[in-house]
Amino acid sequence: MLVFHVFKSFGVKLEMFFLKLLPVCEKYITRLNTALASAKLPKLSRAQLLFLSTCISGIIITNSVCWKRFERSSFGQFCSEKLSKMFRRSNISWESLLYASVFNIFKTYDITSGILALDDTDNKRSKKTTAIHKAHKIKDKVSGGFINGQELLFLVLITDKITIPVGFCFYQPDPDFSEWKKQDKNLRKRMVPKYERPAKPSKNPDFPTKQESAIALIKQFKCSHEDIIVKAILADALYGSRGFVSRAILIYPDSQVISQVKSNQKIRMHGKYISIEEYFRRHSGVEQPLNIRGSKEEIVTMNGARLYLKAHGCKRFIVALKYAGEEKYRYLMASNLTWRLTDIARAYTLRWLVEVFIQDWKSYEGWCQLAKQPGDEGSYRGVILSLMTDHCLLLHHEQKALIDNKLPAATVGSLRDLERAKAIVDSVEEVVNSQNTNLVVQSLKDAIENVIPLRESSKHMNGRDLGRLEPTPSLKHMAVAA
């Protein structure tokens, strides 16, 4: 109990320190290096192995990608300046790291097929971010206003065993196009004719759309993992355009592309075009059970038909789906007409898993909690470290045992808490087993004073001028006048 009292006396949280690297992280990085060698990619040096093990351990312990936090939590065992230098200057192929990590998971769990799911998310930043990569004004879904932040697009592979993040990219709209769109909207309100309004700016290839970025991610996955069979590609309504669906089919011709479509899109019926909403008003759905993500059945109202979709210029399988308690239908679009109605609806329920991944990633894997690395390298490499943390926990021995025995997998939060608790025990064991315990404890005390300096508080006025707070005799007549 001596060591615990020492830590408590200095105000250090017991769940947030480590004196040595987490064994699960060291094992993960070692296997990652083996995967790099198997793929004939540059192997990691001993210093790079130590650096990456330290980063993954620090992210799990502190839930941040912050070198100073790593230093404080390790009582100075890991120097923040050296970590920052390795992060910026080390000759590491970061793209190869993510590829090798995904390849390692595929090999460990014998994964040969799956479903690709796309979704985007944002990360709020401060109002002024001159050095943060692709920070821009974003519509806030909660408040309805606007925030400054970064947008990311994730590609996730859903398999019968686990859900794995396999790719990502940052998104920023073309600032010239955004400015033109804003001006054009204002001029339209003022009834300015088109020939007097500024022309639409030409497309800038440096700012691809979300649909183009998504196609690039799918292509990259296909090139990196040709042996993986993709049975379906799932995306929300943003990716239901003809351009995205047709290009996705070219990449994976045998897969099913499922997306949502708007209710006002036109379909052809008896030679006339009517809206999808109108069609399913005439052909109402039927209540039937639907298996939701392979765990439970719900009674849903559902109907579908293979219809000519005007926006796509061809037939698509259109599905109308309504869960219990909902008043309006949601409409799905599927590219492959050979699938059954229930199979399409059941497959689309799996898209929710990518949202669960994003929620876990934001909550437990560091990058969204505190990530101050500036520039494009800082953002990209920080996200890669964060995704490697997710991969590390997927390969955790407890997680692997559950999956191998076909039991429900453990949550990211519980695995992280387990490793944080083990870090405390290992740190105590490090101190207790030392030859001179008193010397080790004293060195920890000295380290705490160095890595946790006292900072000036702006809340207290001590040492500052509070100002003159008393009446002025020459102004007493003002009180009488009042």
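If you're wondering where the values come from, they're calculated on a predicted model, not measured in any experiment. Here, residues in each chain are numbered from 1, in the same order as that chain's written sequence. Local features in this predicted model are restricted to residues of pLDDT 70 or higher, and side-chain atom pairs are both shown and tallied only at a pLDDT of 80 or more, whereas totals for entire chains, interfaces and linings draw on every residue. The basis for the side-chain values is all heavy atoms of the structure; hydrogens and waters are excluded.

Colleague: Quick question: what am I supposed to make of the packing of aromatic side chains here?
Modeller: The geometry of an aromatic ring pair is captured by two quantities: the separation of the ring centres and the angle between the planes. Two rings belonging to Phe, Tyr or Trp (six-membered ring only in the last case) form a pair when the distance between their centres is within 6.5 Å. Interplanar angles under 30 degrees mark stacking, angles over 60 mark edge-to-face geometry, and anything in between is tilted. This model, assessed by the stated rule, comprises 19 aromatic pairs. Ring centres of Tyr279 and Phe280 lie 5.0 Å apart, and the angle between their planes is 85°; this geometry places the pair in the edge-to-face category. Buried, partly exposed and exposed residues are distinguished by accessible area as a fraction of the type maximum, computed with a 1.4 Å probe on protein chains only: under 20%, between the cut-offs, and over 50%, respectively. Classification of Tyr279 as buried rests on a relative accessible area of 11%. Taken together, the aromatic side chains of Phe154, Phe168, Phe170, Phe357, Trp361, Trp367 and Tyr380 make up a single cluster linked through ring pairs. Both a distance and an angle decide whether a charge sits over a ring: NZ of Lys or CZ of Arg must be within 6 Å of the ring centre and within 35 degrees of the ring normal. When the ring centre of Tyr252 is taken as reference, the NZ or CZ atom of Lys222 above it lies at 4.9 Å. Positioned above the aromatic ring of Tyr329, the side-chain terminus of Lys322 is 4.6 Å from the ring centre.

Colleague: Would you mind showing me how to read the pattern of salt bridges here?
Modeller: Opposite charge on two side chains makes pairing possible when the charged atoms of those side chains draw close. A pairing counts as a salt bridge when a side-chain nitrogen of Lys or Arg comes within 4 Å of a carboxyl oxygen of Asp or Glu. Going through the model one piece at a time under the given rule, you end up with 17 salt bridges. Among the ionic pairs, Lys203 bridges to Glu212, the shortest N-O distance being 3.3 Å. The residue Glu377 makes a salt bridge to Arg381 at a minimum N-O spacing of 3.7 Å. Residue Glu377 and its partner Arg381 are located together in helix H13 (residues 375-394), separated by four residues, close to a single helical turn. Secondary structure follows DSSP: runs of H or I at least 4 residues long count as helices, runs of E at least 2 residues long count as strands, and numbering of each begins at the N terminus.

Colleague: Just checking my understanding: could you explain a positive patch on the surface for this structure?
Modeller: Judged by side-chain charge, Lys139, Lys181, Lys185 and Lys189 come together as a positively charged surface patch. Sorting elements by how many residues they give to the positive patch places helix H7 (residues 175-189) first, with three residues. Tracing the sequence through the fold places Lys189 in helix H7. Lys189 sits in the exposed class, given a relative accessible area of 62%. Residues enter a patch when their relative accessible area is above 30% and they make no salt bridge; the linking distance is 9 Å between like charges and 5 Å between nonpolar side chains (Val, Leu, Ile, Met, Phe, Trp, Tyr). Per-residue accessibility takes into account occlusion by the displayed protein chains alone, with areas from the Shrake-Rupley method and a 1.4 Å probe. When charges are tallied, Lys and Arg are placed among the positive residues and Asp and Glu among the negative ones, while His and the ends of the chain are skipped. To locate a charge, take atom NZ for lysine, CZ for arginine, CG for aspartate or CD for glutamate.

Colleague: Which parts of the structure should I look at to understand the nonpolar core?
Modeller: Generally speaking, nonpolar side chains in soluble globular proteins are found buried as a group. Residues belong to one nonpolar core when they are buried, are Ala, Val, Leu, Ile, Met, Phe, Trp, Tyr or Cys, and are joined through side-chain atoms within 4.5 Å. Membership of the largest hydrophobic core comes to 119 residues, with the highest contact counts inside it found for Leu116, Phe221 and Leu385. When residues no more than four places from it in sequence are discounted, the contact partners of Leu116 are Leu155, Val156, Leu157, Val166, Ile218, Phe221, Val230, Ala232, Ile233, Leu234 and Tyr252. Counting residues in hydrophobic clusters, the runner-up holds six residues, among them Phe17, Phe75, Ile424 and Val431. We call two residues in contact when some of their heavy atoms are within 4.5 Å.

Colleague: Can you walk me through the packing of helix H2 (residues 23-38) against helix H6 (residues 94-108) in this structure?
Modeller: What describes two packed helices is the angle between their axes and the distance between those same axes. To obtain each axis, a line is fitted to C-alpha atoms, and for helices this fit is confined to the stretch in contact; angles are then taken between N-to-C directions over 0 to 180 degrees. Between H2 and H6, the shortest axis-to-axis distance is 9 Å and the interhelical angle comes to 100°. Here H6 runs roughly perpendicular to H2, going by the angle between their axes. Facing Tyr28, Arg31, Leu32, Ala35 and Leu36 of H2, the residues of H6 in contact are Ser96, Leu97, Ala100, Ser101, Phe103, Asn104 and Thr108. Convention used here: angles under 35 degrees read as roughly parallel, angles over 145 as roughly antiparallel, angles from 65 to 115 as roughly perpendicular, and any remaining angle as oblique.

Colleague: Is there a simple way to explain unusual backbone geometry in this structure?
Modeller: A negative phi angle is the norm for most residues apart from glycine, just as the trans form is the norm for most peptide bonds. In this structure, Asn63 is a non-glycine residue whose phi angle is positive, near 55°. Relative to the assigned elements, Asn63 resides in the loop between helix H3 (46-62) and helix H4 (67-73). If you check the backbone angles, Met191 has positive phi at about 65° while not being a glycine. Topologically, Met191 is positioned in the loop between H7 and helix H8 (210-224).

Colleague: Help me understand H6, please; the structure alone is not making it clear to me.
Modeller: Helical geometry: 3.6 residues make up each α-helical turn, so side chains three or four residues apart lie on a common side. End to end, H6 covers 21 Å across 15 residues, agreeing with the expected 21 Å (1.5 Å per residue, within 8%). Across the 15 residues that make up H6, a large majority, 11, are buried. Every buried residue belonging to H6 is among Trp94, Ser96, Leu97, Leu98, Ala100, Ser101, Val102, Asn104, Ile105, Phe106 and Thr108, and all of these are buried. The positive-phi residue at the C-terminal boundary of H6 is Asp110, with phi of around 55°. Here a helix's expected span is defined as the number of its residues, less one, multiplied by 1.5 Å.

Colleague: When you look at the environment of Asn303 in this model, what are you seeing that I'm missing?
Modeller: Inspection of the secondary structure puts Asn303 in strand E10 (residues 296-309). Between the C-alpha atom of Asn303 and that of His283, which follows or precedes it by 20 residues, the distance is 7.8 Å. Each residue touching Asn303, except ones within four places of it in the same chain, is listed here: Phe280, His283, Ser284, Gly285, Ile318, Val319, Ala320 and Leu341. A polar contact of 3.2 Å, which involves the side chain of Asn303, links it to the backbone oxygen of His283. Distance and chemistry together define a polar contact, namely a pair of N or O atoms within 3.5 Å, with one atom able to donate a hydrogen and the other to accept it when in protein, and with adjacent residues in sequence counting only for side-chain atoms on both sides. Reaching out from Asn303, the side chain makes a polar contact with the backbone oxygen of Ser284 at a distance of 3.4 Å.

Shape descriptors only; they carry no functional weight alone.
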